[in-house]
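Summary of the model geometry
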Amino acid sequence: MMLNGELYAIVLALAVAVAAGLVGSFALMKRMSLAGDVISHIALPGLGLAFLFNTNPLVGGSIALFFGTLVIWQLQKSSNLSTETTIGVIFVASVAIGTLLTPEEELIEALFGGFAPLDTTGFLLGLGAVAIIISFILAYKDQLILSLFSPELATTNGININRLNLFYLLIFSLTILVALQFLGALLVGALIIVPAAIGRQLTHTLGAFLTASSIA
């Protein structure tokens with residue numbers, strides 16, 4: 001059973017890496033590649049509360065990420081601030097609150113994660129999340145590109161840019177949530193940034209960029 005759990009963890013980690021590469025590619029083009037590191041810290045208050053009440057840390061982290069993402073989207077929509085700036089507004093508070101709430105003995109796990117075996121339920125839930133992430137990127141990649149390089153043309157073609165940005169931020173946060181169990185809040189941003197940066201340097205077309213980022 002332990003062997004199966006370790007195999008589940010390896011397979012899911014590889015699947016998450018593919019999804020993170022795709023999400024990171026668009027984060028790089030949207031100039032929000034550092035957001036992975038920042039948004040992961042938004043999960044800290046939820047992780048801290050989960051540890052305090054002896055519940056699944058991912059449940060607490062998912063709640064904090066969901067509400068944090070909504071706040072970021074609302075700030076971005078209602079102000080002239082960039083995505084990076086609006087995320088930074090929440091970052092400091094999240095780190096401070098999360099550090100205060102998280103028990104000292106659990107803080108290292110929250111910050112750095114771990115590679116623990118997975119049960120069948122955790123593995124299937126993780127794969128389901130990865131499937132949602134990859135499906136979204138593949139289905140909406142053209143709309144994301146158009147809204148990024150020509151917002152006016154995107155609007156003319158009936159694309160709701162505000163809603164699309166919200167969906168992307170939620171997918172971004174979901175990617176971080178799934179990766180948190182392996183890398184922790186301090187390191188998960190690298191899974192978003194590094195593969196996309198490598199893929200961008202090695203390729204010159206969108207298709208090749210997405211492919212290289214997902215396997216880097």
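Residues numbered from 1 in each chain as written. Predicted model: local features only at pLDDT ≥ 70, side-chain atom pairs only at ≥ 80, totals over all residues. Heavy atoms only, no water.

**Looking at the nonpolar core**
With 45 residues, the main nonpolar core has Val 16, Leu 65, Ile 137, Tyr 168 and Phe 172 as its most contacted residues. For this core, the secondary structure elements donating two or more residues are helix H1 (2-29), helix H2 (35-42), helix H4 (57-78), helix H7 (120-149) and helix H9 (161-202). It is H9 that contributes the most residues to this core, 16 residues altogether. Leaving out residues up to four positions away in the same chain, Val 16 has contacts with Val 130, Val 178, Ala 179, Phe 182 and Leu 191. (Core = buried A, V, L, I, M, F, W, Y, C linked by side-chain atoms within 4.5 Å. Buried < 20%, exposed > 50% of the residue type's maximum accessible area, 1.4 Å probe, protein only. Helix = DSSP H or I, 4+ residues; strand = E, 2+ residues; numbered from the N terminus. Contact = heavy atoms within 4.5 Å.)

**Some points on the side chain of Ser 147**
By the element assignment, Ser 147 lies in helix H7. Ser 147 sits in the buried class, given a relative accessible area of 10%.

**Structural notes on the side chain of Thr 203**
Among the structural elements, Thr 203 can be located in the loop between H9 and helix H10 (206-215). Classification of Thr 203 as buried rests on a relative accessible area of 11%. For Thr 203, the side chain forms a polar contact with the main-chain oxygen of Gly 199, separated by 2.7 Å. A polar side-chain atom of Thr 203 sits 3.5 Å from the main-chain amide nitrogen of Phe 209. (Polar contact = N/O pair within 3.5 Å; in protein donor to acceptor, adjacent residues only side chain to side chain.)

**Concerning the packing of aromatic side chains**
Summed over all chains, the structure comprises 4 aromatic pairs. Ring plane angle 75 degrees and centroid distance 5.4 Å describe the contact between Phe 66 and Phe 67, whose orientation is recorded as edge-to-face. (Phe/Tyr/Trp six-rings, centres within 6.5 Å; stacked < 30°, edge-to-face > 60°.)

**Quick word on a nonpolar patch on the surface**
Residues Val 59, Ile 63, Phe 66 and Phe 67 make up a contiguous nonpolar surface patch of about 390 Å² in total accessible area. Mapped onto the fold, Phe 67 is located in helix H4. (Patch = residues over 30% accessible without salt bridge, like charges linked within 9 Å, V, L, I, M, F, W, Y side chains within 5 Å. Areas by Shrake-Rupley, 256 points an atom, 1.4 Å probe, with all protein chains shown as cover. Salt bridge = Lys/Arg side-chain N within 4 Å of Asp/Glu carboxyl O.)

**With respect to H7**
Its 30 residues give H7 an end-to-end C-alpha distance of 42 Å, which sits within 8% of 44 Å, the value for a rise of 1.5 Å per residue. At Tyr 140, H7 shows its maximal bend, which comes to roughly 60 degrees. Within H7, the full set of buried residues consists of Phe 123, Gly 126, Ala 129, Val 130, Ile 133, Phe 136, Ile 137, Leu 144, Ile 145 and Ser 147. (Expected span 1.5 Å × (residues − 1). Bend = angle between axes of the 7 residues up to and from the residue.)

**Regarding the environment of Gln 74**
Its place among the elements puts Gln 74 in helix H4. According to the relative accessible area criterion, Gln 74 is partly exposed, its value standing at 37%. Taking the C-alpha atoms as reference, Gln 74 lies 8.9 Å from Leu 166; in sequence the two are 92 residues apart.

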